[in-house]
Amino acid sequence: MIGSVADLATEERRSLLELVEGFTAEQWLAPTLCAGWSVRDVVLHHISYDLLTGRETLQRMVSGRANPGTSSNDARLAELSGMTTTDVVAALREHVRPTGLTSGFGSRISLLDGMIHQQDIRRPLGLPRTIPGDRIRPALNFALWAPPVRGAVRGRGVRLVADDLDWSFGRGPEVRGTAEALLLAMGGRTVVLDELSGPGRDRLARNLGALP
């Protein structure tokens, strides 16, 4: 029985490994929901900070180079540009259990990051999945306040209600959808707006910048 968030994050990474280890060269180069990033970029980004030693992680945190901003992430990918897809799979297999920066907040960083990014990969490739409820619930809760997701800010003024899980958050007109769609909306993925319904949907769309 899976007992901790670290265990859940490990299972999430294992499912990502199972997904990508058989990918073709074309699939590795395919675009994702992360603008400008290929499947390879997304997978490598997810484990890129696990590849640092404790000293290197500390140095980056002190210098500000371990911030979760786009520029820091792009710079980290550039540092690892020489890794082949075989190298990336091997590194993911070696770091199935989150370490370093991604193990922060009881591995909630890894769980949330990995879950959103796996959907970033799956959706454009037409590879849907059913995320276990015990795994997505803590990701939803962490997404509300985790930087840089700030799901509570993106969901301000509405009540988010999962229709396939006993989970809700916020005040205001309802926005209903699957737990996965709500998670991706909190992660800023406007592609899921058509999967959401309720009187608060347009307000959420404006929060995400999809409507004026």
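## What about the overall build of the protein?
Working step 1: Within the protein, the regular secondary structure consists of 11 helices and 3 strands.
Working step 2: Of the regular secondary structure in the protein, the N- to C-terminal order runs α-α-α-α-α-α-α-α-α-β-β-β-α-α.
Working step 3: Computed over the C-alpha atoms, the radius of gyration of the protein is 17 Å, within 12% of the 17 Å expected from 2.2 N^0.38 for a compact globule of 212 residues.
Working step 4: Projecting the C-alpha coordinates of the protein onto the three principal axes gives extents of approximately 50 × 40 × 40 Å.
Working step 5: For the protein, buried positions account for 49% of its 212 residues.
Working step 6: Of all intrachain contacts in the protein linking residues separated by at least 6 positions in sequence, the fraction that spans at least 24 positions is 61%.
Working step 7: When the accessible surface of the protein is split by element, carbon and sulfur atoms take 53% of a total near 10100 Å².
Working step 8: Of the side-chain charges in the protein, 25 are positive and 24 negative, and the distance between the mean point of each set is 7 Å.

## Comments concerning the nonpolar core
Working step 1: In this structure, Leu112, Trp167 and Leu183 are the most contacted members of the largest nonpolar core, which totals 35 residues.
Working step 2: The leading source of residues in this core is helix 10 (residues 179-186), at 7 residues.
Working step 3: Setting aside residues no more than four positions away along its own chain, Leu183 makes contact with Leu112, Met115, Ile116, Ile136, Ala139, Leu140 and Ala143.
Working step 4: Ranked by size, the runner-up nonpolar core spans 23 residues in total, among them Ala30, Cys34, Leu80 and Ala91.

## Regarding the packing of aromatic side chains
In this description, a pair of aromatic rings is defined by centroid distance and the angle of the planes.
Working step 1: What the rule picks out here adds up to 4 aromatic pairs.
Working step 2: When the centroid spacing of 5.5 Å and the interplanar angle of 45° are considered together, the rings of Phe105 and Phe142 count as tilted. Remark: Phe142 occurs in helix 8 (residues 133-143) and Phe105 occurs in helix 7 (residues 104-125); sequence separation between them is 37 residues.
Working step 3: You can call Phe105 partly exposed: its relative accessible area is 48%.
Working step 4: Using a relative accessible area of 4% as the deciding quantity, one classes Phe142 as buried.
Working step 5: Here a set of aromatic residues connected by ring pairs shows up, and it is made of Phe105, Phe142 and Trp145.

The rules behind the values
Residues numbered from 1 in each chain as written. Predicted model: local features only at pLDDT ≥ 70, side-chain atom pairs only at ≥ 80, totals over all residues. Heavy atoms only, no water. Helix = DSSP H or I, 4+ residues; strand = E, 2+ residues; numbered from the N terminus. Rg over C-alpha atoms; globule rule 2.2 N^0.38 Å. Buried < 20%, exposed > 50% of the residue type's maximum accessible area, 1.4 Å probe, protein only. Contact = heavy atoms within 4.5 Å. Areas by Shrake-Rupley, 256 points an atom, 1.4 Å probe, with all protein chains shown as cover. Lys, Arg positive; Asp, Glu negative; His and termini not counted. Charge placed at Lys NZ, Arg CZ, Asp CG, Glu CD. Core = buried A, V, L, I, M, F, W, Y, C linked by side-chain atoms within 4.5 Å. Phe/Tyr/Trp six-rings, centres within 6.5 Å; stacked < 30°, edge-to-face > 60°.

None of the figures reported here should be taken as evidence of function without further support.
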